[in-house]
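Chains, contacts and geometry: an overview
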Amino acid sequence: MAEQKDSLILDKMQSSCFLCSSFKDPSLEKLYQSYSVKQKRAGLECFLITAILFDIYMLVIPSGQDLLIFAVISCFLVMNCMLLIWCKKGVRKCMIWAAVPHISWHIANAQLLVSLFLKKNEVTSRDSLGWVLLLDYLIYVTLPLRLRYCVILSFGTCASYLAAIIGLSKSETHQIQQHIANCILLLTANALGLTSYFVEEKQQRRAFLETRLSLEVKLVIEEQSAEQERLLLSVLPEHIAVQMRQDLDRADSQFKKIYMSRHENVSILYADIVGFTAISSTYSAQELVKMLNELFARFDKLAEKYHQLRIKILGDCYYCISGAPQERPDHAVLCVHMGLSMVKAIKYVQQTTNSPVDMRVGIHTGAVLAGVLGQRQWQFDVYSKDVELANKMESSGMAGRVHISATTLSFLSGEFEVEPAYGEKRDESLRIAGLKTYFIVRVLKPYVSEAIQEVQNGGGIIQEEDSCVIADLASDIKEEEALEQNQLGTVRQRQDSEDFKNRLRKELVNRDGHRELAKCTRFVTLGFINPDLDKAYHLHTESFSSVTLQAFLVVRLAVGISQFIILPRRLMSLLSFVIGNAILMVISLISLAEVMPMYICRCLTNCCHCINESLWMRRVLSAMCIIILATVNIVDTISCAPFHQTFENCTTTVVEDTNATCLYPSYFSYFAVLILIAASLPASLSYMCKTFLMVLLAIAHCVFNILILGAALDCEESRKHWASYTKGKYTLSALLLTATLALALLARHMEQVTRVLFLWRSEVEEQRECAADMRRRNEALVYNILPPHVAEHFMGNRKRQHDELYSQSYAEVGVLFASMPNFSDFYSEESVNNQGLECLRFLNEVISDFDALLEWPQFQDIIKIKTIGSTYMAASGLNPTRHVKPEDPITVRWAHLALLVEFALELKKALQSINEQSFNHFVLKLGINHGPITAGVIGARKPHYDIWGNTVNVASRMESTGKAGCIQVTEETCEILQHFGYQFEQRGLVAVKGKGQLMTYYLLGKTGKITPPTAPVSPIIGVSMMEPVVEEDESHDSPTSKSDDKTVIECSNGTNRSEEDVFNGDIDGTISTLPLIRDDDSSIKESCENTLLLGDAVS
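What counts and what doesn't
Residues numbered from 1 in each chain as written. Predicted model: local features only at pLDDT ≥ 70, side-chain atom pairs only at ≥ 80, totals over all residues. Heavy atoms only, no water. Disulfide = S-S within 2.5 Å. Buried < 20%, exposed > 50% of the residue type's maximum accessible area, 1.4 Å probe, protein only. Helix = DSSP H or I, 4+ residues; strand = E, 2+ residues; numbered from the N terminus. Expected span 1.5 Å × (residues − 1). Bend = angle between axes of the 7 residues up to and from the residue. Contact = heavy atoms within 4.5 Å. Polar contact = N/O pair within 3.5 Å; in protein donor to acceptor, adjacent residues only side chain to side chain. Pairing = 2+ DSSP bridges. Core = buried A, V, L, I, M, F, W, Y, C linked by side-chain atoms within 4.5 Å. Salt bridge = Lys/Arg side-chain N within 4 Å of Asp/Glu carboxyl O. Axes fitted to C-alpha atoms, helices over the stretch in contact; angles between N-to-C directions. Parallel < 35°, antiparallel > 145°, perpendicular 65-115°, else oblique. Left-handed = near helix turned anticlockwise from the far one by under 90°. Nonpolar A, V, L, I, M, F, W, Y, C, P; charged D, E, K, R; others polar.

A look at the state of the cysteines
For the coordinates displayed, the defined rule picks out zero disulfides. Cysteine 320 provides the cysteine sulfur closest to cysteine 335, a residue in no disulfide bond, and the two sulfurs are 5.5 Å apart. Residue cysteine 335 is classed as buried on the basis of its relative accessible area of 0%.

Take a look at the structure:
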């Protein structure tokens, strides 16, 4: 994973040199520079603290200073303190921030030079060298400046120091050697600073880019999740969607959870298009679907205006409710306004088609059970006897009128003028229920829109404004909306870009990382309060962190070369040089395998990777480097100690050979400063560990300065013309301790920076995971509402118009209907059944078990279309990735139809298992057909996926006219399934509306697995008792029907229907608009299959 991220960073960056790199995108580079400078401001405090420590050192350690030096250094101390206070308390956004780093450097550099120029005693070629080395390193690490400015300031520091030393130092032996050694040490300090800058820059850029990429992914996920949420909430009420999302990860219990709730005082509206069949023969299926889609899209707009919750679109039938799930006292009033607006809106279809189509609206008020059944293809629906009465109100109404019940009238508060409708005389169910019905004549109190809070004046059926918006200016609105959508799309892209930049600034540039870190970490150890987060931080490997180990080898080489130039070259020094360099070179080789594996053999690379991946091995290697450097320096110190010399000898004897005598032992302390700087680099060690090692190293060198090198340091100082108040061995020890304190504070700051970067990445990653989890949950819910390929169309097409039609034609599809005809006897709304909820709970278990079969691998290509009460509808052959050719054999082209038959047989087994567990005797009545269909979505704002065509119509008739416990198919379907080894028996001729007499067959099973017939029939295919059957009464799914005919093997024949019923049936299809409940056997129109409506157009 780290290698992939590193490669991604390299792709985003362009390099002009090894240490100088930038992002290819100029705007991204500019944003990064703002981020980088802001984050490095905290490091400026470390620089100022070091400058203050130098001032204190100069004031506390007397070395011949006079009052002038004390006064000048005190002024510098005050200025540094003021700058430090301003950095901590000052205004963060002040423009002076750009100048503060330069001012701080000028003050620090000036006080170093002033301490040399105002020094009363003799200036040597190595005075203040340790401070210059420290300052030179801090320029790169602490100043919030770009690399080129750091290099310029570092060059200025080194040049001014060397110029001052060369100009102020008096005639001294070995000056050239000392200047060369000084230059080597200064170059090494620059190398350490560049290394630290390089590592921090790479880490900062990587953290910046990772956060940016994570933020990009997060925004994309949020956008997709919002689109899924919009789509989800357009189909399901929010409270149900929230419950389902919360229950996604819960373990399955013995019983499936039912998302159903009871609501009192709810107004139910049914609206049906009268005469739509008249125009179905003059338009193609796609054109009819488009026409319905445009009309129902306007109905959805009206539903939003009048606070209606659309339940379903069933063919050309639209029904909605008001007063649930949010209770409203004006639910009946809003429903009537909705119905009047729909009657007016149908004028759009009249004008477009020049056909006498009209709307028939029925409204009733009562209690409903609202929710979803099953586990797949959820559709929010309402169930109750009052829902059935609302359906009866529509079917017994009149075209162009709004038909309301007396119960609804009682909630209207006199806002409408009504007249008797006598619907109870036209419908037996209304008469039995004792309902009187009325027609709305006109509006007495105009509707006041909550959106605009304006009163629409007028006394007509509906305000003319609604008529214009919905019907007369429909084409103009479509053009305006298309233009508006395009403009909004362009603006949205621009806003997304600006929003992304603002979010990125908020996530990175404008955040105070150190303040946030203080809330999450312990003050002393800097460990995260959250133990899991702290463990993850320690296991986290920063990119290029092992490069810092190369600095130890560089320091060792520089110290060794400088030592050979200015100090004695003895055997012990040579041995320590060779051994120390060899060990450090091996460690460097191991660490380099992480950065440049292509230059090392694979076996060694794998071994080195294992070491680098181990946290403890990285710590051990870093600690070993520090200890080796310190040990070698101490060994060299011991080898240089003048055990055979006395103090008097060095004061009276002038020794010219640097190889014979240790003339300048103070350099060991300057070497120690470089070692301390290198010890502060490794990122694998905590700042407390580094501080501990640096303190040990400094104390050890102080002890050796005083006890071992004391005489040599005194001898070196005695060669000056001026004596210091404090001996050199003490001033150098004080230098080491002060440098250790400054570097310890710097190590703490560097760890804070690393932890801030890690914390930000963790936060963004956590936010991204939360967004991804939300998307996953929404996606699971959306794919349970729409088939995957349809859901992707609605979620993926951002430029899609709100009323854009989705439709797809299929030539070879199998359709299945399965119902439980005796469920009507089981359903009751008694208190013992919790007003019908427990009956629906049982139905939910049945449908859920049916849905569970779709999870089986062999049934992956079968799609559940919907459930209508206790009727289950599924189809095969709708997979868009399935490609077959006309010349393919039947067993290939119709393999999905055989799977649909197997699915039907499994449905029977599943219901039998439920019967055994619940001691019930439910049976399935199934019908299967095959052929071409049109699949599409009606209502793009609130999409509802369905299939239409003559194939669906006939499949529904196969179920409605079949026998309970049997699977009925047409002759054509029988011929196809025989190729798969299925055997049938001839049932006889069945009258199918629009198709005439059809020969049908009952499926027995496969050869060797024949199911015994449930009624006396001939076992020979094609030779059967010819059983002429007229088409069954269309009210096939009547759970509350008291007729026992529905529970036996033979299905009941239809009764004579009234002229009004025949007219209603001609409009629609085959199954009742009633979702579940019926009280009698009178026929109702069967629009919920939407089949005959488009059957003629498809055929």
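With respect to helix α2 (residues 26-60)
The end-to-end C-alpha distance of α2 is 50 Å, a good match for the 51 Å that 35 residues give at a rise of 1.5 Å each. Considering bend angle alone, the principal kink of α2 is centred on arginine 41 and spans about 40°.

Topic: unusual backbone geometry
Between alanine 324 and the following residue, proline 325, the backbone shows a cis peptide bond with an omega angle of 0°. Non-glycine residue tyrosine 422 carries a positive phi angle of around 55°. Looking at the secondary structure, you find tyrosine 422 in the loop between β9 (416-420) and α15 (428-433). Classification of tyrosine 422 as partly exposed rests on a relative accessible area of 44%. Unusually for a residue other than glycine, leucine 526 sits at a positive phi of about 65°. By the secondary structure assignment, leucine 526 is in the loop between α18 (513-520) and α19 (531-539). Its relative accessible area of 2% is what places leucine 526 among the buried residues.

Here's the deal with the environment of leucine 44
Take leucine 44: it is sitting in helix α2. By relative accessible area, which is 0% here, leucine 44 ends up buried. Other than its neighbours up to four places away in sequence, leucine 44 contacts Cys87, Trp97, Val100, Pro101, Ser104, Thr142, Leu143 and Pro144.

Things to note about the side chain of serine 395
Tracing the backbone through its elements, the reader meets serine 395 in helix α13 (residues 385-395). By relative accessible area, which is 8% here, serine 395 ends up buried. Of note is the side chain of serine 395, whose polar atom sits 3.1 Å from the backbone oxygen of lysine 392.

Things to note about the pairing of strand β14 (residues 925-938)
Most of β14 sits inside the fold, with 13 of its 14 residues counted as buried. Judged from the twelve bridges that link them, strand β11 (residues 806-819) and β14 form a sheet pairing that is antiparallel. Looking at β14, one finds that leucine 816 is bridged to isoleucine 928. One ladder, built from five bridges, connects β14 with strand β15 (residues 944-948); its direction is antiparallel. Within β15, the residue paired with alanine 935 across the bridge is isoleucine 947.

Examining helix α3 (residues 67-89)
Along an α-helix, residues three or four positions apart point the same way, because every turn accommodates 3.6 residues. Relative to the 33 Å expected for 23 residues at 1.5 Å per residue, α3 spans 33 Å between its end C-alpha atoms, a close match to the ideal helical length. Contacts made by the buried residues of α3 are with α2 and α4 (100-117).

Quick word on the nonpolar core
Formed by 108 residues in total, the largest nonpolar core has its most connected members in Leu133, Tyr137 and Tyr667. Looking at this core element by element, the count peaks at twelve residues for helix α25 (residues 667-679).

Details of the pattern of salt bridges
Across all of its chains, the model carries 22 salt bridges by this definition. The closest approach of N and O atoms between arginine 205 and glutamate 201, which form a salt bridge, is 2.8 Å. With a gap of four residues between them, arginine 205 and glutamate 201 both fall in helix α7 (residues 175-235), about one helical turn apart. Residue classification places arginine 205 among the buried positions, given a relative accessible area of 1%. Here glutamate 201 falls in the buried class, since its relative accessible area comes to 8%. Through salt bridges with shared partners, a single ionic network connects Asp272, Arg360 and Glu394.

Description of the packing of helix α5 (residues 129-142) against α7
α7 packs onto α5 with a crossing angle of 25° between their chain directions and a minimal axis gap of 8 Å. Between α5 and α7, the angle falls in the class roughly parallel. You can see that α5 and α7 cross each other, and the crossing is right-handed. Between α5, through Leu129, Val132, Leu133, Asp136, Tyr137, Tyr140 and Val141, and α7, the contact on the second element is made entirely by Asn182, Leu185, Leu186, Ala189, Asn190, Leu192, Gly193, Leu194, Ser196, Tyr197 and Glu200. Considered class by class, the residues forming the contact of α5 with α7 number twelve nonpolar, four polar and two charged.

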